[in-house]
Amino acid sequence: MESIKCNNKGELEIIPSLNSSKNDFDFLIGKWTVKNRKLKTRLDGCNGWIEFDATNEDHGVLNGLGNMDRFKTFFNEKPFEGLTIRLFNPVTRLWSIYWADSNVGVLDVPQVGSFEKNIGYFYSKDIFRGKEIIVVFKWDKTDLENPSWSQAFSADNGKTLEWNWYMYMSRIV
């Protein structure tokens, strides 16, 4: 991962990789089982993890310039659903990843980035518990049948990262 860079206004500087393309997320189209490992709480030194299973179904949209998926699981015996929208901007050659879930019903600020070969990093600034943080997504598609996703938060402008959620996916044939 390249270091997190901000300009003199404090805005993230995100530059696409040389091979960034609209096909970067094509591997994700299909149906998946998902093993999740998520910190119980974030940015407070927590070492306890919650593990749970989910399903994910992804399909292409906008004639190949994007894709969408539905993430489904149960939390505390209640159904939970997430929706991801990924859009490729052919001018900037950057992806924007938007998330919404059934608890909030609002699109989060987009994660923006690209893949360098099989590893993709995506970044945003957001607010967590009233404090500005940087959020990092990492996609690893080295094994196309078993890709992984992970998320980290940084409360110190990118100097340190707390990896707080991992998803290990397996394609449903």
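Residues numbered from 1 in each chain as written. Predicted model: local features only at pLDDT ≥ 70, side-chain atom pairs only at ≥ 80, totals over all residues. Heavy atoms only, no water.

A. Examining the overall build of the protein more closely. A tally of helices and strands in the protein yields 0 helices and 10 strands. For the protein, the succession of helices and strands along the chain, N to C, is β-β-β-β-β-β-β-β-β-β. A globule of 173 residues ought to have a C-alpha radius of gyration of about 16 Å, and the protein, at 16 Å, matches this closely. Counting only C-alpha atoms and orienting by the principal axes, one finds that the protein spans roughly 45 × 40 × 30 Å. Within the protein, the fraction of its 173 residues that count as buried is 39%. Intrachain contacts of the protein at a sequence separation of at least 6 include 42% that bridge at least 24 residues. Taken as a whole, the protein presents about 9900 Å² of accessible surface, with 53% of it coming from carbon and sulfur. Computed over 22 positive and 23 negative side-chain charges, the separation of the two mean positions in the protein equals 1 Å. (Helix = DSSP H or I, 4+ residues; strand = E, 2+ residues; numbered from the N terminus. Rg over C-alpha atoms; globule rule 2.2 N^0.38 Å. Buried < 20%, exposed > 50% of the residue type's maximum accessible area, 1.4 Å probe, protein only. Contact = heavy atoms within 4.5 Å. Areas by Shrake-Rupley, 256 points an atom, 1.4 Å probe, with all protein chains shown as cover. Lys, Arg positive; Asp, Glu negative; His and termini not counted. Charge placed at Lys NZ, Arg CZ, Asp CG, Glu CD.)

B. Structural detail: the packing of aromatic side chains. Counting across every chain of the model gives 20 aromatic pairs. Ring geometry for Phe88 against Trp95: centres 5.4 Å apart, planes inclined by 55°, an arrangement best described as tilted. Across the pair, Trp95 and Phe88 agree in class, each one buried. Its end group placed over the ring of Trp165, Lys38 keeps NZ or CZ at 4.2 Å from the ring centre. Over the aromatic face of Phe25 sits the side chain of Arg86, whose NZ or CZ is 5.1 Å from the ring centroid. (Phe/Tyr/Trp six-rings, centres within 6.5 Å; stacked < 30°, edge-to-face > 60°. Lys NZ or Arg CZ within 6 Å of the ring centre and 35° of its normal.)

C. Structural context of the layout of surface pockets. In this structure, the largest pocket occupies an estimated 880 Å³ of space. Surrounding the largest pocket, 40 residues form its lining, Arg42, Trp99, Asp108, Gln151 and Trp165 being those nearest its centre. Looking at the lining of the largest pocket, the element that brings in the most residues is strand β5 (residues 94-101), giving 5 residues. A breakdown of the residues in the lining of the largest pocket according to their chemical character gives 24 nonpolar, 8 polar and 8 charged. (1 Å grid on protein atoms, 1.4 Å probe; cavity = no way out; pocket = protein on both sides within 12 Å on 5 of 7 lines; lining within 4 Å. Points joined across faces, edges and corners; volume = space filled by probe spheres on them. Nonpolar A, V, L, I, M, F, W, Y, C, P; charged D, E, K, R; others polar.)

D. Here's a closer look at the sheet that holds strand β3 (residues 66-75). If you trace the 10 strands once around the closed barrel, you get β1-β2-β3-β4-β5-β6-β7-β8-β9-β10, paired in antiparallel fashion. Averaged over all adjacent pairs, the angle separating strand axes in this sheet is 25°, with direction ignored. Relative to strand β10 (residues 162-171), strand β1 (residues 30-39) runs antiparallel, the two sharing 7 bridges. Bridge pairing links Lys35 to Tyr168 in β10. (Pairing = 2+ DSSP bridges. Axes fitted to C-alpha atoms, helices over the stretch in contact; angles between N-to-C directions.)

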